[in-house]
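Examination of the molecular architecture
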Amino acid sequence: HYSLLLGNKLRGIPEKNNKEILQKYQEIKPYFLEIIDSAEAAANELKLGHETDHWEPMLEEILKNEKQYLKIMDEIVLLYEKDTSDMLHISTVSHMAMNLLILLLSVLAFWRIVYPVSIELKHGLNQQYENAQNIRKMFYNLKAGVFLVRQDGMVLFQNKEAQKLTGVNEEEAHDISVIQH
């Protein structure tokens, strides 16, 4: 009773400031005190060795107050459940908001950092491809015969003049090795 009302750090129970719960504790207090008083009186009668008929009325008083006490305590428990449910809902919403914020920051980081870099990378790769095409055209149109050969002797490229010199077109040249075995 007091642990729930006043909080108990050892049991992990926070002190309650909920007005409805505090009001219910005020309603339950007289029943609780009657139960405690009757239990203490019955215990004293028992210690003194008195017969059952001396402390039986005290037990009846405990049972009478217990009924009302338990009824109000059930209401208190329901209020605690509602309060806890509300706190859990707030916690869930807070976590969702934090996750959304993290997601938005990630999207912003992507948009401000990764996206511009990817655009520049794409532009750089396109520029490199165009440069390679221009170099290929330049070599292809030279008035001198040009061959590009791998280390194993396989012809990778030959221009128009090289084709005239050898009499082999570019497709056929890929199957020819210039190194004799």
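Structural data are supplied above this passage.
Here goes a summary of the coordinates provided.

How each quantity is defined
- Residues numbered from 1 in each chain as written.
- Predicted model: local features only at pLDDT ≥ 70, side-chain atom pairs only at ≥ 80, totals over all residues.
- Heavy atoms only, no water.
- Helix = DSSP H or I, 4+ residues; strand = E, 2+ residues; numbered from the N terminus.
- Expected span 1.5 Å × (residues − 1).
- Buried < 20%, exposed > 50% of the residue type's maximum accessible area, 1.4 Å probe, protein only.
- Patch = residues over 30% accessible without salt bridge, like charges linked within 9 Å, V, L, I, M, F, W, Y side chains within 5 Å.
- Areas by Shrake-Rupley, 256 points an atom, 1.4 Å probe, with all protein chains shown as cover.
- Salt bridge = Lys/Arg side-chain N within 4 Å of Asp/Glu carboxyl O.
- Lys, Arg positive; Asp, Glu negative; His and termini not counted.
- Charge placed at Lys NZ, Arg CZ, Asp CG, Glu CD.
- Contact = heavy atoms within 4.5 Å.

1. Comments concerning helix α2 (residues 19–47)
Helix length check: α2, at 29 residues, gives a terminal C-alpha distance of 41 Å against a target of 42 Å (1.5 Å per residue), a fit within 8%. I21, K24, Y25, I28, F32, I35, S38, A42 and E45 are the residues of α2 that are buried. A positive backbone phi angle near 80° is found at G49, which sits one or two residues after α2.

2. A look at a nonpolar patch on the surface
Together, M98, L101, L105, L108, F110, W111, I113, V114, Y115, V117 and I119 line one region of the surface with nonpolar side chains, adding up to about 1100 Å² of accessible area. Looking at where I113 falls in the secondary structure, it is placed in helix α3 (residues 52–140).

3. Regarding a negative patch on the surface
Together, E51, D53, E56 and E60 line one region of the surface with negative charge. As for its placement among the helices and strands, E51 is situated in the loop between α2 and α3.

4. Description of the environment of I176
Looking at the element boundaries, I176 is found in the segment after α5 (170–173). I176 sits in the partly exposed class, given a relative accessible area of 36%. Once the C-alpha coordinates of I176 and M154 are considered, the two residues, 22 residues apart in sequence, prove to be 5.9 Å apart. Beyond its immediate chain neighbours, meaning those up to four positions away, I176 contacts G153, M154, V155 and V168.

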